[in-house]
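The residues making up each chain are set out below.
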Amino acid sequence: MSTFRQARWNEPIIFELGKVHRRGFALPEIEEEIKQVIGDVQLLMPQKMKRETPPKLPELSEVEVTRHFIRLSQMNYGVDSGLYPLGSCTMKYNPKINDALATSPTVALLHPYQDPQTTQGILQILYTLSRWLAEITGTYEVCLQPSAGAHGELLGVLIIRAYHKRNGELKKRSEIIVPDSAHGTNPASATMGGYRVIVVPSDADGCVDIEALKSVVSERTAGLMLTNPNTLGIFEKNIEEIARIVHEAGGLLYYDGANLNAILGKTRPGDMGFDIVHINIHKTFGTPHGGGGPGAGPVGVSEELERFLPVPRIGFDGKDYFLDYNKPDSVGKIRSFYGNIAVLVRAYAYILSLGAEGLQEVAEVSVLNANYLAKKLAEIRGFELPYDKQKPRKHECVISAKPMAKETGVKALNVSKRLLDYGVHAPTTYFPLIVDEALMIEPTESFEKEELDRFVDAVKKISQEAYSNPQLVLNAPQNTACTRLDEVKASHPQSMALSWKMYLKKRKDI
Ligand SMILES: *Cc1c(COP(=O)(O)O)cnc(C)c1O
């Protein structure tokens, strides 16, 4: 097991670097001829928008800026550094060609207010992508606008509302059913959309408990939100029966497709009976994410619900691509313009480069990798695989460190922290909530067997440490740029300084 030593620079923040009047770049004087055309630049800016004093920006040379950010990057760990098994969130390799295309001037310099006759190329890309995503999800039409998964969920919930409103059942249908294994955004989106959330428990197999579902479904049911495979990585084998129960009660089925890795080209939410689907482009389709963005959460719907999608819709009349605002039943706008274009272009490049067979291979390899890890990890002392051990997992697996916590005091959180010392990003920890001491692991298709074996070796080593020298694991991490953070302080808004101004103010207060 190779050890890991993260670079540890004593790097000041950029405001503390540099010297007054130091420059990295100097703009040339505006030439006389240009001045004659544009007039006095000073006068171009309306007086009331001008600052009285210049902003207090750091003043640095180019080489200082370069060194500063290179040092910060050396104290960082990313999906391009090594394994990043963050279950549910899918941190996989994002081919660099996607970035090259998304940042090419032909894309980056476009403006949404341009006449559509001058933006036919990007409209074609967006239109084609929406058709591909409809094909992949088995839906009738896809809206590309939402900026994230949670944003897509909100749109989905607004569509559920619009559907029941049209049927004159808005008041009556006040509940959305969510399983207890759901991602936290599901109940949050349902609540934001004005619904009461009804939680349905999982059964001994880790799937939706059908009898419990029957008992909570009623004429108050507006819909059910479900992830399949669920957050345990287990495929809901009763999905057709679940769809029947919800539909017979008059509700709609919402598919949380944040993570589509397991089913790409294998099965489709539309075929399982779902009416509304969101997809996280930034998880499944080749956009780097983390730290909050950027993302895109397109939403696909059945033919019946198509009328409710946001405007403008991108259409094609056989000759031209056009923007269609004439949709009287639309829920309206969910975002400015047409979506997060750079992210959507990456998805277009990703799907185009892999093709249908390539997407299937993504699903096959990611499922194979997850099962390989599930089997290897469950054999390690102190860990167990909850729910049916024989049942194959899909794109991810959840292992529990409960035996280790009981026997040594080393908990899942400590295992995650110690993994950092071995140069592996921590898995999703303490989620889903239905598993004690949960470590949710998603290797994705991007890592070779040797890297997976290194991960297994690291967990083995941590197990040995936990049983021989638990203090070592409890004090981890030691080898990282930042050692153990104060978890309570870190999540306390009053203790955080999120800008230089706040920091200065706090320092004065101290
Ligand atoms: C990531 C995730 C979401 C939320 O997506 P965001 O883009 O972070 O808003 C929803 N559901 C599941 C299952 C997820 O993994």
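Asker: Sorry if this is basic, but what is going on with the overall build of the chain here?
Answerer: The helix and strand inventory of the chain stands at 19 helices and 12 strands. Across its three principal directions, the C-alpha atoms of the chain cover 80 × 65 × 50 Å. Relative to its 510 residues, the chain shows a buried fraction of 47%. Relative to all contacts within the chain whose residues are 6 or more apart in sequence, the contacts with residues 24 or more apart total 70%.

Asker: Help me understand empty space enclosed by the protein in this model?
Answerer: Here the idea is plain: a probe the size of a water molecule rolls over the atoms and shows the empty space left. The full count for this structure, using the stated rule, is 2 cavities of 30 Å³ or more. Quantified by volume, the largest cavity comes out at close to 90 Å³. Along its surface, the largest cavity is lined by Ser88, His183, Thr227, Pro229, Asn230, Thr231, Asp256, Gly257, Ala258, Asn259, His395 and Glu396. In the lining of the largest cavity, the residues fall into 2 nonpolar, 8 polar and 2 charged. Taken as a whole, the second largest cavity holds about 30 Å³ of empty space. The wall of the second largest cavity is formed by Pro179, Ser181, Ala182, Met225, Leu226, Thr227 and Asn230.

Asker: Where do I start with a nonpolar patch on the surface in this structure?
Answerer: Together, Ile30, Ile34, Val37, Ile38 and Leu44 make up an exposed nonpolar region whose accessible area comes to about 460 Å². With 3 residues, helix H1 (residues 32-38) is the single largest residue contributor to the nonpolar patch. Mapped onto the fold, Ile34 is located in helix H1.

Asker: Please clarify how the packing of aromatic side chains should be interpreted in this entry.
Answerer: Centre-to-centre distance and the angle between the planes together describe a pair of aromatic rings. In the structure shown here, the tally under the stated rule is 12 aromatic pairs. Plain terms: the ring middles of Phe285 and Tyr350 are 6.4 Å apart, the flat faces sit at 85° to each other, and that makes the pair edge-to-face. Of this pair, Phe285 sits in the loop between helix H12 (281-284) and strand S7 (299-301) while Tyr350 sits in helix H13 (residues 341-378); the two residues are 65 residues apart in sequence, bridging distant segments of the chain. Note on Tyr350: relative accessible area 3%, which makes it buried. One aromatic cluster in this structure is built from Phe4, Tyr77 and Tyr84. Over the aromatic face of Trp9 sits the side chain of Arg71, whose NZ or CZ is 4.4 Å from the ring centroid. The ring of Tyr195 has Arg161 sitting right over it, with the charged end atom 5.6 Å from the ring centre.

Asker: So what exactly am I meant to see when it comes to the environment of Ile279 here?
Answerer: Position of Ile279 relative to the elements: it lies in strand S6 (residues 276-279). A residue is classified by how much of its surface remains accessible, and Ile279, at 0% relative accessible area, is buried. Note: C-alpha distance between Ile279 and Gly149 (130 residues apart in sequence) is 6.7 Å. In contact with Ile279, other than residues within four places in its own chain, are Leu133, Thr137, Gly257, Leu260, Phe285, Ala296, Gly297 and Pro298.

Asker: I would appreciate a short explanation of the sheet that holds strand S10 (residues 397-400) in the present structure.
Answerer: Two strands in a sheet stick together by hydrogen bonds in their backbones, pointing the same way (parallel) or opposite ways (antiparallel). Strand order in the open sheet formed by 3 strands is S10-S12-S11, and the pairing between neighbours is antiparallel. The open sheet is flanked by S10 and strand S11 (428-429), the only strands paired with a single partner. Lying on the sheet, helix H15 (residues 412-421) is in contact with S11 and strand S12 (438-441); it crosses S12 at an angle near 45°.

Asker: Where do I start with the sheet that holds strand S5 (residues 252-257) in this structure?
Answerer: Strand order in the open sheet formed by 7 strands is S1-S7-S6-S5-S4-S2-S3, and the pairing between neighbours is mixed. Every other strand in the sheet has two partners, leaving strand S1 (141-143) and strand S3 (196-200) as the edge strands with one partner each. Averaged over all adjacent pairs, the angle separating strand axes in this sheet is 25°, with direction ignored. Each of strand S4 (221-226) and S5 touches helix H10 (residues 239-248); the most contacted strand, S5, lies at about 140° to it.

Asker: Quick question: what am I supposed to make of unusual backbone geometry here?
Answerer: The phi angle of most residues is negative, glycine excepted, and most peptide bonds adopt the trans form. A cis amide bond links Asn228 with the next residue in sequence, Pro229, at an omega value of 0°. Turning to its location among the elements, Pro229 is positioned in the loop between S4 and H10. The residue after Phe431, namely Pro432, is reached through a cis peptide bond having omega 0°. One non-glycine residue with positive phi stands out, namely Tyr430, at about 60°. Its identity as a non-glycine residue notwithstanding, Thr444 has a phi of 60°, on the positive side.

Asker: Hey, could you run me through the pattern of salt bridges in this one?
Answerer: Side chains carrying opposite charge are able to pair once their charged atoms draw close together. Inspection of the entire model under this criterion finds 33 salt bridges. Of the charged contacts, one joins Glu169 and Lys172 as a salt bridge, the two residues approaching to 3.2 Å between their closest N and O atoms. Taking the relative accessible area as the measure of exposure, Lys172 reaches 39% and is therefore partly exposed. As a salt-bridge pair, Asp320 and Lys319 come within 3.4 Å of each other at their nearest N and O atoms. The exposure class of Lys319 is exposed, given its relative accessible area of 64%. Here the salt bridges do not stand alone but share partners, grouping Glu141, Glu306, Arg313, Asp324 and Lys327 into one network.

Asker: Would you take a moment to explain the site of the ligand for this structure?
Answerer: Taken together, Ser88, Ala148, Gly149, Ala150, Glu153, His183, Thr185, Asp256, Ala258, Asn280, His282 and Lys283 are the residues near the ligand. A distance of 2.8 Å separates an oxygen atom of the ligand from a polar atom in the backbone of Gly149. Contact distances for the ligand include 2.7 Å between an oxygen atom and a side-chain N or O atom of Lys283. When the ligand sits alone it has 390 Å² of accessible area, and the protein chains cover 86% of it. Of all elements in the fold, only helix H7 (149-166) and H12 reach the threshold of two or more residues within the shell around the ligand. No other element matches H7, which puts 3 residues into the shell around the ligand.

About the cut-offs
- Residues numbered from 1 in each chain as written.
- Predicted model: local features only at pLDDT ≥ 70, side-chain atom pairs only at ≥ 80, totals over all residues.
- Heavy atoms only, no water.
- Helix = DSSP H or I, 4+ residues; strand = E, 2+ residues; numbered from the N terminus.
- Buried < 20%, exposed > 50% of the residue type's maximum accessible area, 1.4 Å probe, protein only.
- Contact = heavy atoms within 4.5 Å.
- 1 Å grid on protein atoms, 1.4 Å probe; cavity = no way out; pocket = protein on both sides within 12 Å on 5 of 7 lines; lining within 4 Å.
- Points joined across faces, edges and corners; volume = space filled by probe spheres on them.
- Nonpolar A, V, L, I, M, F, W, Y, C, P; charged D, E, K, R; others polar.
- Patch = residues over 30% accessible without salt bridge, like charges linked within 9 Å, V, L, I, M, F, W, Y side chains within 5 Å.
- Areas by Shrake-Rupley, 256 points an atom, 1.4 Å probe, with all protein chains shown as cover.
- Salt bridge = Lys/Arg side-chain N within 4 Å of Asp/Glu carboxyl O.
- Phe/Tyr/Trp six-rings, centres within 6.5 Å; stacked < 30°, edge-to-face > 60°.
- Lys NZ or Arg CZ within 6 Å of the ring centre and 35° of its normal.
- Pairing = 2+ DSSP bridges.
- Axes fitted to C-alpha atoms, helices over the stretch in contact; angles between N-to-C directions.
- Near = heavy atom within 4 Å.
- Polar contact = N/O pair within 3.5 Å; in protein donor to acceptor, adjacent residues only side chain to side chain.

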